[in-house]
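Now for the letters of each chain:
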Amino acid sequence: MQKNSKRTRRTFIKSAGVIGTAALAGCSGGSNSSTEGGSDGQSSDGGSTEGGTTGTGSETMADELVFYNAGSLEFDPGTEANIERFEEETGISVEVNEVPWSNLKTSLTTIWRNQDSTVDAFNGPTWWLADFVSSDWLEPLGLGSDHMGKFPDSLNELVQFDGRTYMAPEFGKWGSYLYDQQYLNEQGFDAPPDTWDEVLSQGEQLSQGDKSGFAFTWSGKSVFSFKQFLYQAGGQLFNDSYEPVFVEEGMEVLEFFNELRERGITPDGMSSLGEGGIGDNFIAGQYATVESWTPLGSRAIDEWDENRINSAKPPEGPESRATFQDTNGISVSAFSERKDAAKEFARFMTTRASSKNNMLVEGNPAVVPDVYEDEDIQSEYPSWLLEDMRFNLENAQSETYMAQPQVDDYLNEQLTPALLGNKDPEAALNDAYDNIERLYQDIGLI
C-alpha cells in the first residue's frame, strides 16, 4: 500500500481528487478552471485578503442569479423565507431550480464537467465537498473570520480546505434523542436511557405490546446512523492518509445494533423506516425513545400534550455522545458568471439573522450557537430542547472524504445485511473495508 502519511486530507485533496473523480464517473479529464496561484480572498486564518478567483466567470455584481435547491421549497420553508428576505434587501432576484435530492449531485456534476455557467449557487451537504473541491468546481467564498467565526470549529473544519472556505453553513439536520416522558414515567423511569447499556437494559422493559423501546432512522440513512454511533464508539471512517480505519469500533456499533434487534427493542421493519416513517410512528405513540432527524421535536411539541414530549442528549457510547453532523450549506460554482451576487447570497443565507429565521420558520436547528440564546427562539422553544439542540451542534462530528457516493454504497451494501442479522458483522465490515481500500487504491488516494 502506498502511504501519504505526511499529507493530510486537507492538503492532499486538491492534488489527488480530479483524477479520482473523473475515473469514478467513467469520464476522461476534469475541469480546466484556472485555479493555479488563485486565492479566495481569504487568508489561512480567515481574514480578508486581496486575490484572484477561480473559474471563468466575471466578478461584476448581477441583479439575478440561479440557485439549485435540494428538493422542493415546499419542504424547505425556512430556505424559501430567507430567499424572500434576500431579494427584498438586496434587489437581486433568485431563480430557484428545485432538483430532487437524489438527483442533485449528478445534475451538478454534469453541468460542471461541461464548465457550464447554468448554476450560480446551490445548497447541499458538507459531505459532497471533497469531490467538488478536488475537481475545482467550487469558488472559494472569501468569507472572513467575522462571518465564519460564529460557527463551531468542528463545522468550520468541514467546509474549509487549505484555509479557504468553500461552503457557508446554512442549517443543521442532525439527530435528536426524543422520548415519551409520560410513558417512561408509567414504566417507573424518571429519566431516559443515558448510555448504550441503559438503552439495552431499559429498552426491554419499555418494549411492551405494540410499543418499541428505541427506534432510529434507517431507510436511506443507514450509513448516517452507522457513522453517528461509530463516533460515539470513538471511531472514524478514515485516518488522515485516507486509509479506512472503521472496523474495530464498527464492531462495537454492529454488536450494539444486533443486541437491539435480538432483544426486540427496535421495531420490525426498521430497514424501511426513513425520516418520515420514524416521525409518524413516534407521534402515533409506537416508540418510547427515538433517535431521529429534526424538526421532529417541534412537531411533537405541537401535536402532543405539553408534558409528554421531552429530549435528552444522545446516549453515551464507549467514548462520547457525538451526533452525526448533517449540515447543509451554500456553495458557489466556479463557472458562475455572477460570482459576486452568488457569494453575497451565500453570505446572506448564513448570517445569524438567517439562521434564526430558518429555525423559527421551519424548526431546523441553527448552526450558530448564539442563536439559541436569542429571546425570540427561547420564547418559541422550551429550554430543555434548546439545551440539547445546542449540545448536538457543538458536539457533532463528521468527515469529508473522496468518492462519497461510492464509499457510502460499499458501506450500505454490507451494513444492511449485518443490521438485519443476515451477515456476520465482522465479515460485513471487513468486506466493506476491502472494497473501499481497493477503490481508493484505484483512484490513487492510497
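Look a little higher up for the structure.
Worth saying up front: this structure is predicted, and the values here are computed from it rather than measured.

How each quantity is defined
Residues numbered from 1 in each chain as written. Predicted model: local features only at pLDDT ≥ 70, side-chain atom pairs only at ≥ 80, totals over all residues. Heavy atoms only, no water. Helix = DSSP H or I, 4+ residues; strand = E, 2+ residues; numbered from the N terminus. Contact = heavy atoms within 4.5 Å. Pairing = 2+ DSSP bridges. Axes fitted to C-alpha atoms, helices over the stretch in contact; angles between N-to-C directions. Salt bridge = Lys/Arg side-chain N within 4 Å of Asp/Glu carboxyl O. Buried < 20%, exposed > 50% of the residue type's maximum accessible area, 1.4 Å probe, protein only. Phe/Tyr/Trp six-rings, centres within 6.5 Å; stacked < 30°, edge-to-face > 60°. Lys NZ or Arg CZ within 6 Å of the ring centre and 35° of its normal. Core = buried A, V, L, I, M, F, W, Y, C linked by side-chain atoms within 4.5 Å. Domains from an automatic or database assignment. Parallel < 35°, antiparallel > 145°, perpendicular 65-115°, else oblique. Left-handed = near helix turned anticlockwise from the far one by under 90°.

## Observations regarding the environment of threonine 416
Then step 1. Within the secondary structure, threonine 416 is located in helix α17 (residues 404–419).
Then step 2. Considering only alpha carbons, one finds threonine 416 and serine 219, 197 residues apart in sequence, at a separation of 9.6 Å.
Then step 3. Contacts of threonine 416, omitting those with residues within four sequence positions, involve Trp218 and Ser222.

## Digging into the sheet that holds strand β2 (residues 93–99)
Then step 1. A sheet is described by the order of its strands in space; here 5 strands give the open sequence β2-β1-β3-β11-β6, paired in mixed fashion. In this open sheet, the two edge strands, each paired with only one partner strand, are β2 and β6 (168–172). The average undirected angle you get between the axes of adjacent strands in this sheet is 25°.
Then step 2. Bridge analysis of strand β3 (residues 121–125) against strand β11 (residues 327–332) gives 5 bridges, and the strand direction is antiparallel. Bridging across to β11, asparagine 123 finds its partner in isoleucine 330.

## Some details on the pattern of salt bridges
Then step 1. The tally for this structure, following the rule as stated, stands at 23 salt bridges.
Then step 2. With a closest N to O distance of 3.0 Å, aspartate 120 and arginine 338 form a salt bridge. Pair noted here: aspartate 120 is in the loop between α3 (101–113) and β3 and arginine 338 is in the loop between β11 and α13 (339–348), with a separation of 218 residues, a long-range link. An identical accessibility class is assigned to aspartate 120 and arginine 338; each is buried.
Then step 3. Between arginine 352 and aspartate 374 there is a salt bridge, and its shortest N-O distance comes to 3.2 Å. With arginine 352 in helix α14 (residues 352–362) and aspartate 374 in the loop between α14 and α15 (375–380), this residue pair connects regions lying 22 residues apart in the sequence.

## Digging into the packing of aromatic side chains
Then step 1. Scanning the entire structure with this criterion turns up 31 aromatic pairs.
Then step 2. A ring pair is formed by phenylalanine 238 and tyrosine 401, whose centres lie 5.3 Å apart and whose planes are at 45°; its orientation type is tilted. With phenylalanine 238 in the loop between α9 (222–232) and α10 (247–262) and tyrosine 401 in the loop between α16 (383–395) and α17, this residue pair connects regions lying 163 residues apart in the sequence. One exposure class covers both phenylalanine 238 and tyrosine 401, and it is buried.
Then step 3. In textbook terms, an aromatic cluster arises when at least three aromatic residues are bridged by ring pairs, as seen for Trp101, Trp112, Phe122, Trp127, Trp128, Phe132, Trp137, Phe224 and Phe324.
Then step 4. The ring of tryptophan 304 carries arginine 308 above its face, with NZ or CZ at 3.9 Å from the centroid.
Then step 5. Note that lysine 313 overlies the ring of phenylalanine 391, its terminal NZ or CZ placed 5.3 Å from the centroid.

## Quick look at the side chain of threonine 79
Then step 1. When you line up the elements, threonine 79 lands in helix α2 (residues 77–90).
Then step 2. Of the residues examined, threonine 79 reaches a relative accessible area of 0% and is grouped as buried.
Then step 3. Look past the residues within four positions of threonine 79 in its chain and what remains in contact with it is Phe67, Asn69, Leu73, Asn123, Glu170, Phe171, Met349, Asn358 and Glu362.

## Concerning the nonpolar core
Then step 1. In this structure, Tyr68, Trp112, Phe122, Phe345 and Met359 are the most contacted members of the largest nonpolar core, which totals 63 residues.
Then step 2. In terms of domain composition, this core takes at least three residues from each of domain 1 (64–172 + 327–397) and domain 2 (174–324 + 400–443).
Then step 3. The contacts of tryptophan 112, once residues within four sequence positions are left out, are Val119, Phe122, Phe132, Trp137, Leu138, Ser333 and Phe335.
Then step 4. Judged by nonpolar contacts, the second largest core, of 62 residues, contains Ala233, Leu237, Phe238 and Ile283.

## What about the pairing of strand β10 (residues 309–312)?
Then step 1. The alternating pattern of β10 places Ile309 and Ser311 on one face and Asn310 and Ala312 on the opposite face, and all of these are buried.
Then step 2. Judged from the 4 bridges that link them, strand β7 (residues 175–180) and β10 form a sheet pairing that is antiparallel. Note that in β10 the partner of aspartate 180 across the bridge is isoleucine 309.

## Structural notes on unusual backbone geometry
Then step 1. Unusually for a residue other than glycine, aspartate 136 sits at a positive phi of about 65°.
Then step 2. Judged by its relative accessible area of 12%, aspartate 136 falls in the buried class.
Then step 3. Positioned with a positive phi, aspartate 162 is a non-glycine residue whose angle comes to about 50°.
Then step 4. By secondary structure assignment, the location of aspartate 162 is in the loop between β4 (160–161) and β5 (164–165).

## A short note on the environment of glycine 78
Then step 1. Among the structural elements, glycine 78 can be located in helix α2.
Then step 2. Owing to a relative accessible area of 0%, glycine 78 belongs among the buried residues under this scheme.
Then step 3. Once the C-alpha coordinates of glycine 78 and asparagine 358 are considered, the two residues, 280 residues apart in sequence, prove to be 4.2 Å apart.
Then step 4. Beyond its immediate stretch of four places on either side in the chain, glycine 78 contacts Asn358, Val361 and Glu362.

## Examining the packing of α9 against α10
Then step 1. Where α9 contacts α10, the two axes come as close as 9 Å, and the packing angle between them is 115°. Taken together, the axis directions place α9 and α10 in an arrangement best described as roughly perpendicular. You can see that α9 and α10 cross each other, and the crossing is right-handed. Residues Ser225, Phe226, Phe229 and Leu230 of α9 touch α10, and the partners they reach there are Glu249, Gly250, Val253, Leu254, Phe256 and Phe257.

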